[in-house]
Amino acid sequence: MGTVKTKRMPRAVREQQMLDAAVRTFGQRGYMAASMDEIAELAGVSKPLVYLYLNSKEDLFAACIRREARALTEAVRAGVDRELPADRQLWDGLRAFFTYTAEHPDGWSVLHIQARTHGERFALEVAAMREEIVAFVTQLIVAAAREAHRDPDLGEGEVAGLAEALVGAAESLAAWANATPGVTARQAAATLMNFAWAGLGNLMEGRPWSPP
């Protein structure tokens, strides 16, 4: 292991540097395999300094989850112009989601895989982020219903279920897109938009599918 240099810099900057290294390590190696020595070396700091700033491996991982969750939700919200028609809002939101997950594969791995499989505390952190995104998608579906110029008779439970299904599909598709060479964020967003909007459009027009 090479000599670690700890150049003086503001604490907030140093902490983000540590979180960057931790997200990369957790995302690529997994929570259990990742070591604090490896994270410290990648961040260019001493291991005692990591513990001084972030207390423990568990607290460091939780901080990574919170940061990545906040960044993802902010990216999705920032990508949507609420003055646009509902279909354009949904398209822009999906494109922002897939763009972010493609550009931050390690962060997405931390949120989608690692956090969900290493304890209730971490899973709850991700669940809070997911609830916020589901609530946002629910608002978009309600807006789409209002734009249909008629009452599509979508109950609160049905709207909530549609939002859950859409977010779940986006999560799975993002994992697939990141693992499949050549799939762009735009292609992933278009795939889900075509899948979802066709069904939503039929619902808005009062043509729901019914079991035989």
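Summarised in this report is the structure supplied together with it.

Definitions and cut-offs
- Residues numbered from 1 in each chain as written.
- Predicted model: local features only at pLDDT ≥ 70, side-chain atom pairs only at ≥ 80, totals over all residues.
- Heavy atoms only, no water.
- Helix = DSSP H or I, 4+ residues; strand = E, 2+ residues; numbered from the N terminus.
- Buried < 20%, exposed > 50% of the residue type's maximum accessible area, 1.4 Å probe, protein only.
- Contact = heavy atoms within 4.5 Å.
- Areas by Shrake-Rupley, 256 points an atom, 1.4 Å probe, with all protein chains shown as cover.
- Polar contact = N/O pair within 3.5 Å; in protein donor to acceptor, adjacent residues only side chain to side chain.
- Salt bridge = Lys/Arg side-chain N within 4 Å of Asp/Glu carboxyl O.

1. Considering the overall build of the protein chain
At step 1: A tally of helices and strands in the protein chain yields 9 helices and 0 strands.
At step 2: When its helices and strands are written in sequence order, the protein chain yields α-α-α-α-α-α-α-α-α.
At step 3: Going through the 212 residues of the protein chain one by one, you find that 42% of them count as buried.
At step 4: Restricting the contact set of the protein chain to residue pairs at least 6 apart, pairs at least 24 apart contribute 72%.
At step 5: Here the protein chain has roughly 11500 Å² of accessible surface; of this, 54% comes from carbon and sulfur atoms.

2. Considering the side chain of Thr101
At step 1: Among the structural elements, Thr101 can be located in helix H5 (residues 86-103).
At step 2: Within the structure, Thr101 has its side chain in polar contact with the backbone oxygen of Phe98 (distance 3.2 Å).
At step 3: Excluding residues that lie within four positions of it along the chain, Thr101 makes contacts with Leu72, Trp108, Ala174 and Asn178.

3. Looking at the pattern of salt bridges
At step 1: Across all of its chains, the model carries 12 salt bridges by this definition.
At step 2: Arg29 serves as the salt-bridge partner of Glu38, at 2.9 Å between the closest nitrogen and oxygen.
At step 3: For Glu38, a relative accessible area of 28% gives the class partly exposed.
At step 4: Judged by relative accessible area, which is 44%, Arg29 ranks as partly exposed.

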